[in-house]
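Structure assessment
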Amino acid sequence: MSNYDLVIIGGSVTGVRAAFTANAMGARVALIEPPVFSKRSDRDSGILALHYLGKVARQIDRAQHIGAIDLPETLLDSWQIDRSIEWAQRVSDRQADYISPAVLSGLGVDVIHGEGEFCRKPSFSFAVNDRRIKARAYLLATDFQWKTVKIDGLSLAGYFTPETLGYWIQKGTKLPQNLIIIGNDTIGIELAQSLNQLGVNITLIVSSSRILPKEDEDIARLLHACLEAEGIRILVGTTVTQVRQIKSQKWVQAGDLAIEADEIVLAIGRVSKLDRLNLAATGVELDRGRIRINDRLQTTNPTIY
């Protein structure tokens with residue numbers, strides 16, 4: 001049986017950073033990640049390019065507003081978005097190389113490729129690749145997957161998640177003119193702002209009474225006002241009941257409104273990939289499907305964070 005100070009379960013960026021940090025503090029660390037390592041640079045570069053270009057567009061707009069510069073309205077149409085994506089691709093590749101398994105191994109982190117689960121007998125440990133690994137502490141840092149929802153006609157019409165939209169943009173596809181984002185996830189809202197700053201007409205539809213209901217109410221309301229002032233259409237307390245593809249356009253039935261769009265992004269939330277870890281055997285308690293933690297990110301099993 002192999003013994004460590006810390007075993008990190010999951011190949012997420014957070015898990016990799018935790019491995020770097022714990023190793024630098026002198027801990028003996030094992031990082032268990034999926035059998036196939038993915039740099040995720042294709043997805044990240046598309047989204048990174050959008051966010052960067054959105055910030056540049058906002059700076060130009062502010063400069064024009066105060067009269068510092070005078071540029072034609074067609075400026076955004078002349079931007080080389082494909083070149084910006086190439087730049088973002090290089091940035092993502094460098095970051096991925098920096099946090100690669102080879103670099104971690106060179107620093108002394110034991111990188112184990114495989115999928116495993118917790119087991120209690122003969123002693124509490126984590127089993128992976130016919131090995132039993134025991135640690136003073138375990139850190140759950142698995143990657144996430146986007147939630148789906150059953151909406152009549154949505155699968156048939158087709159939709160993106162923020163992740164698949166990143167891949168799509170990375171291929172150099174022209175940005176849609178009209179986009180509907182369904183959901184209240186923070187990444188979806190950030191994506192709405194960036195795309196809007198690039199000239200895409202955005203409609204954001206959320207079923208809750210306000211955006212970001214888990215965040216501070218005053219901050220959420222201020223953000224709502226800022227987004228609307230920038231030109232984003234926000235529908236709160238609105239449920240999408242139906243989606244239809246009519247010729248080249250998608251039609252979304254949101255409450256009493258029928259809204260037309262070129263594409264749809266579903267961003268209703270994310271869920272960690274924890275179902276195969278056998279958490280039921282560890283004493284880790286769930287609260288409405290989410291792991292219960294204290295203010296130190298410690299679960300109800302004191303050795304698991």
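Everything quoted here is computed from the prediction, not taken from an experiment.

**Concerning the nonpolar core**
- Of all hydrophobic cores here, the largest spans 24 residues; its most connected members are I181, L195, I202, L204 and I211.
- For this core, the secondary-structure elements that each account for two or more residues are helix 6 (162-170), strand 8 (178-182), helix 7 (186-197), strand 9 (201-205) and helix 8 (217-229).
- If you tally residues by element for this core, the top one is helix 7, at four residues.
- Ignoring anything within four residues of it in the chain, the contact list for I181 reads G188, A192, I202, T203, L204, I205, V265 and A267.
- In terms of nonpolar packing, the next biggest core, distinct from the first, is built from 19 residues, I9, I112, Y138 and V284 among them.

**Comments concerning the environment of I8**
- Inspection of the secondary structure assignment puts I8 in strand 1 (residues 2-9).
- With relative accessibility at 0%, the residue I8 sits in the buried group.
- Apart from residues no more than four positions distant in its own chain, I8 is found in contact with G15, A18, A19, V29, A30, L31, I32, L139 and A141.

**Quick notes on the confidence of the model for the protein chain**
- Overall, the predicted model of the protein chain reaches an average pLDDT of 84, with 79% of residues at or above 70.
- Helix 2 (residues 41-65) is the least confidently modelled element of the protein chain, averaging 64 in pLDDT, while strand 10 (residues 233-235) averages 97, the highest of any element.

**A look at the sheet that holds strand 6 (residues 131-140)**
- The strand order 3-2-1-6-5-4 describes an open sheet built from six strands, whose pairing is mixed. The open sheet has two edge strands, strand 3 (110-113) and strand 4 (116-119), and neither has a second partner. With strand direction ignored, the average angle separating the axes of adjacent strands in the sheet is 40 degrees.

**Examining the packing of aromatic side chains**
- What the rule picks out here adds up to five aromatic pairs.
- Ring centres 5.4 Å apart and planes at 80 degrees place the aromatic pair F118 and Y138 in the edge-to-face group. With F118 in strand 4 and Y138 in strand 6, this residue pair connects regions lying 20 residues apart in the sequence. When sorted by exposure, F118 lands in the same class as Y138, which is buried.
- With 5.7 Å between their ring centres and 90 degrees between their planes, F124 and Y138 make a pair best called edge-to-face. Of this pair, F124 sits in the loop between strand 4 and strand 5 (125-128) while Y138 is found in strand 6, placing the two residues 14 residues apart along the sequence.

Thresholds, definitions, all that
Residues numbered from 1 in each chain as written. Predicted model: local features only at pLDDT ≥ 70, side-chain atom pairs only at ≥ 80, totals over all residues. Heavy atoms only, no water. Core = buried A, V, L, I, M, F, W, Y, C linked by side-chain atoms within 4.5 Å. Buried < 20%, exposed > 50% of the residue type's maximum accessible area, 1.4 Å probe, protein only. Helix = DSSP H or I, 4+ residues; strand = E, 2+ residues; numbered from the N terminus. Contact = heavy atoms within 4.5 Å. pLDDT = per-residue confidence, 0-100. Pairing = 2+ DSSP bridges. Axes fitted to C-alpha atoms, helices over the stretch in contact; angles between N-to-C directions. Phe/Tyr/Trp six-rings, centres within 6.5 Å; stacked < 30°, edge-to-face > 60°.

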